[in-house]
Amino acid sequence: LVFVSDVCPCSQSHVEHLNSLAKAYPQVKMYAVISEKVTTDHRKESEAYFSKDRFQFPVIEDSEQKLVKSYSALKTPHATLLLKNPDTGEYK
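Residues numbered from 1 in each chain as written. Predicted model: local features only at pLDDT ≥ 70, side-chain atom pairs only at ≥ 80, totals over all residues. Heavy atoms only, no water.

Considering the state of the cysteines
Step number 1: Across all of its chains, the model carries 0 disulfides by this definition.
Step number 2: Of the cysteine sulfurs around Cys 8, a residue in no disulfide, the closest is that of Cys 10, at 5.3 Å. (Disulfide = S-S within 2.5 Å.)

What follows is the structure, encoded as structure tokens:
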């Protein structure tokens, strides 16, 4: 999971690099997580920013910020690696 923001310049500067990582390592499932709540007046800009033209991997909108809080993603970009337990199938 890579927590990103469309209003953070640092986050914006990493998009090309993240896309290159997703392309170089297709066996790794990468997801961008929208880290801030998207307000109604900002929805169109946010949707345009997180379009398939910009991000070459899936984007998750964390509107209730459950993932942000679970993984303490206090800054963007923030990456969290989840490993699947082969015995239970759960991710940690």
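So that's the structure; there's more coming.
What to know about the packing of aromatic side chains
Step number 1: Counted according to the given criterion, the structure contains 4 aromatic pairs.
Step number 2: Between Phe 55 and Phe 57, the ring centres sit 5.7 Å apart and the planes meet at 85 degrees, which makes this aromatic pair edge-to-face. With respect to class, Phe 55 is no different from Phe 57; both count as buried. (Phe/Tyr/Trp six-rings, centres within 6.5 Å; stacked < 30°, edge-to-face > 60°. Buried < 20%, exposed > 50% of the residue type's maximum accessible area, 1.4 Å probe, protein only.)

Section: the side chain of Thr 80
Step number 1: Note that Thr 80 resides in the segment after strand S4 (78-79).
Step number 2: Among the polar contacts made by the side chain of Thr 80, one reaches the side chain of His 78 at a distance of 3.4 Å.
Step number 3: Not counting residues within four places of it along the chain, the set of residues in contact with Thr 80 comprises Leu 1, Phe 3 and Tyr 71. (Helix = DSSP H or I, 4+ residues; strand = E, 2+ residues; numbered from the N terminus. Polar contact = N/O pair within 3.5 Å; in protein donor to acceptor, adjacent residues only side chain to side chain. Contact = heavy atoms within 4.5 Å.)

So, the sheet that holds S4
Step number 1: Spatially, 4 strands are ordered S3-S2-S1-S4 in an open sheet, and the strand pairing comes out mixed. Both outer strands of the open sheet, strand S3 (59-61) and S4, are each paired with one neighbouring strand and no more.
Step number 2: Here strand S1 (residues 2-4) runs beside strand S2 (residues 32-34); their pairing, made up of 3 bridges, is parallel. Residue pairing for S2: Val 2 is matched across the bridge by Ala 32. (Pairing = 2+ DSSP bridges.)

What to know about the side chain of Ser 11
Step number 1: Mapped onto the elements, Ser 11 comes out in helix H1 (residues 9-12).
Step number 2: A polar contact is formed between the side chain of Ser 11 and the backbone nitrogen of Ser 5, at a distance of 2.9 Å.
Step number 3: Setting aside its immediate chain neighbours within four residues, Ser 11 contacts Phe 3, Val 4, Ser 5, Tyr 49, Thr 76 and Pro 77.

Focus: the environment of Met 30
Step number 1: With respect to the helices and strands, the residue Met 30 is situated in the loop between helix H2 (15-24) and S2.
Step number 2: Separated by 49 residues in the primary sequence, Met 30 and Ala 79 place their C-alpha atoms 9.8 Å from one another.
Step number 3: Ignoring anything within four residues of it in the chain, the contact list for Met 30 reads Val 2, Leu 18, Leu 21, Ala 22, Phe 57 and Pro 58.

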